[in-house]
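Secondary and tertiary structure notes
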Amino acid sequence: MSLEQLLAWIPAGHPDEALARRIDFARLPAHVAIIMDGNGRWAAQRHLPRVEGHRAGIDAVRDTVETGARLGLDVLTLYAFSVENWKRPASEINTLMLLLKRYLRSELNTLLTNNIRFRVIGRVEDLAPDIQDELNTAIERTAQKSGMLFNVALNYGGRAEIVDAARRAIEAGLRPEELDEERFASFLYTAGQPDPDLLIRTSGEMRVSNYLLWQIAYAEIYVTETLWPDFRRRHLLEAVLAYQKRERRYGGITPARAAIGAQ
Ligand code: FPP
């Protein structure tokens, strides 16, 4: 998509318009991954039960997905439920699953209209059958879409993913000498997808929390104090603008630094 697609969705004169115009569309991050954090604190600040934070977080998901698609991201990955999240009270887990189900039902048309392909990464086979059915419906209905790929990480753990990939490589009969980084990545849940260029975490925490451990090797990390339920189009645009100011070196040096060294 493009600046036009984005502007068509921003009311004229809205402060987000100026932000959108500053984006360099030739240097967008191909893949943005987000750790949605702070739902509980958002609810606590309002003396509400934690689940109300998750409920409000759905509005942030909606806004972020549409912004990502209109911006023209290739991939957006949201961390919705980790393998560690089973330690939470059953009532909270049930609400999270219910919210996910409702989101998929109510937003399927928006995904289709915005040409979004939906995928899930994680140990999906351990989720309840009704959740798996709902996920499969959204995956199948959007399978032919050619715009942004929207991954939801569900029952996901970065270490679990690496173990699963190793198991799959063994099952495929791969010989040790055939294994290199590229081949190994083809056994990950994200096989064929670009690695995240930008990792966003909300609510000010400075942790990667077992998220996409292999894939974020060279990602730029952006942490915002904003709590997830308050995250909107503006925050995603600000994160992309901050990313575009970074100097990415992938362990090497830029020509400017090389010139200093040569003096
Ligand atoms: C972290 O906040 C948030 C989660 C564990 C769940 C995020 C899930 C959703 C927003 C809903 C479902 C998602 C989709 C994609 C439809 P926290 O509870 O850890 O917050 P705290 O650190 O403030 O306690």
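Refer to the structure above for everything that follows.
Only a predicted model underlies this, so the values are computations on that prediction, with no experimental measurement involved.

Here we take up the overall build of the protein chain. The helix and strand inventory of the protein chain stands at ten helices and six strands. By the compact-globule yardstick of 18 Å for 263 residues, the protein chain fits well, its C-alpha radius of gyration being 19 Å. Overall, the C-alpha framework of the protein chain stretches about 65 × 60 × 35 Å when taken along its three principal axes. Once local pairs closer than 6 in sequence are excluded, the contacts in the protein chain between residues at least 24 apart make up 76%. Carbon and sulfur atoms make up 51% of the accessible area of the protein chain, which totals about 13,200 Å². Separation between the mean location of the 34 positive side-chain charges and that of the 35 negative ones in the protein chain comes to 3 Å.

Take the pairing of strand β3 (residues 117-121) next. Strand direction decides the pairing type here: β3 and strand β4 (residues 149-156), joined by five bridges, are parallel. Within the sheet, the bridge partner assigned to Arg119 lies in β4 and is Asn151. Handedness of the crossover joining β3 and β4 through helix α6 (residues 129-142): left-handed.

Turning next to the environment of Arg246. Mapped onto the elements, Arg246 comes out in the loop between α9 (233-245) and α10 (255-262). Linking Arg246 and Pro129, residues 117 residues apart in sequence, is a C-alpha distance of 43 Å. Not counting the four nearest positions on each side in its chain, Arg246 is found in contact with Glu220, Ile221 and Tyr222. Among the polar contacts listed, one links the side chain of Arg246 to the backbone oxygen of Ile221, at a separation of 2.9 Å.

Another point: α6. Taking 1.5 Å of rise per residue, 14 residues should cover 20 Å, and α6 covers 20 Å from first to last C-alpha, within 8% of that figure. Turning to α6, its buried residues are Ile131, Glu134, Leu135, Ala138 and Thr142. All buried residues of α6 fall inside an arc of 95° around its axis, so they share one side. Turned more than 90 degrees off the buried face of α6, the exposed positions are Pro129 and Glu140. Residues of α6 that are buried in the fold lie against α5 (90-113), β3 and β4.

So, on to the packing of aromatic side chains. With the rule as written, the count across this model stands at eight aromatic pairs. Ring centres of Phe81 and Trp86 lie 4.8 Å apart, and the angle between their planes is 75°; on these two criteria the pair is classed as edge-to-face. For Phe81, a relative accessible area of 1% translates into the label buried. Its relative accessible area of 39% is what places Trp86 among the partly exposed residues. Relative to Tyr211, the ring of Tyr156 lies with its centre 6.1 Å away and its plane at 90°, an arrangement referred to as edge-to-face. With a gap of 55 residues between them, Tyr156 in strand β4 and Tyr211 in the loop between β5 (198-201) and β6 (220-223) connect regions that are remote in the sequence. For Tyr156, a relative accessible area of 0% puts it in the buried group. Taken together, the ring pairs in this structure connect Tyr79, Tyr156, Tyr189 and Tyr211 into an aromatic cluster.

So, about the sheet that holds β3. In spatial order, the strands read β3-β4-β2-β1-β5-β6; together these six strands make up an open sheet with parallel pairing. Each edge of the sheet is formed by a strand with only one pairing partner; in this case those strands are β3 and β6. Put simply, the sheet's adjacent strands are angled 20° from each other on average, direction ignored. Direction of pairing for strand β2 (residues 75-82) relative to β4: parallel, over a ladder of seven bridges. Residue pairing for β4: Tyr79 is matched across the bridge by Ala153. α6 rests against β3 and β4 of the sheet, and its axis sits at about 140° to β3. Relative to the sheet, α9 contacts β1 (31-35), β5 and β6, its axis offset from that of β5 by approximately 135°.

What follows concerns the layout of surface pockets. Reported here for the largest pocket is a volume of approximately 690 Å³. Along its surface, the largest pocket is lined by 32 residues, and Met36, Asn39, Tyr79, Ala80 and Asn85 are the ones closest to its centre. Counting only elements with at least two residues in the lining of the largest pocket, the list comes to α3 (39-45), α4 (50-71), β2, α5 and β4. For the lining of the largest pocket, the residue count by class is 17 nonpolar, eight polar and seven charged.

Basis of the calculations
- Residues numbered from 1 in each chain as written.
- Predicted model: local features only at pLDDT ≥ 70, side-chain atom pairs only at ≥ 80, totals over all residues.
- Heavy atoms only, no water.
- Helix = DSSP H or I, 4+ residues; strand = E, 2+ residues; numbered from the N terminus.
- Rg over C-alpha atoms; globule rule 2.2 N^0.38 Å.
- Contact = heavy atoms within 4.5 Å.
- Areas by Shrake-Rupley, 256 points an atom, 1.4 Å probe, with all protein chains shown as cover.
- Lys, Arg positive; Asp, Glu negative; His and termini not counted.
- Charge placed at Lys NZ, Arg CZ, Asp CG, Glu CD.
- Pairing = 2+ DSSP bridges.
- Right-handed = clockwise from strand over helix to strand, strands pointing away.
- Polar contact = N/O pair within 3.5 Å; in protein donor to acceptor, adjacent residues only side chain to side chain.
- Expected span 1.5 Å × (residues − 1).
- Buried < 20%, exposed > 50% of the residue type's maximum accessible area, 1.4 Å probe, protein only.
- Arc of directions from axis to C-beta.
- Phe/Tyr/Trp six-rings, centres within 6.5 Å; stacked < 30°, edge-to-face > 60°.
- Axes fitted to C-alpha atoms, helices over the stretch in contact; angles between N-to-C directions.
- 1 Å grid on protein atoms, 1.4 Å probe; cavity = no way out; pocket = protein on both sides within 12 Å on 5 of 7 lines; lining within 4 Å.
- Points joined across faces, edges and corners; volume = space filled by probe spheres on them.
- Nonpolar A, V, L, I, M, F, W, Y, C, P; charged D, E, K, R; others polar.

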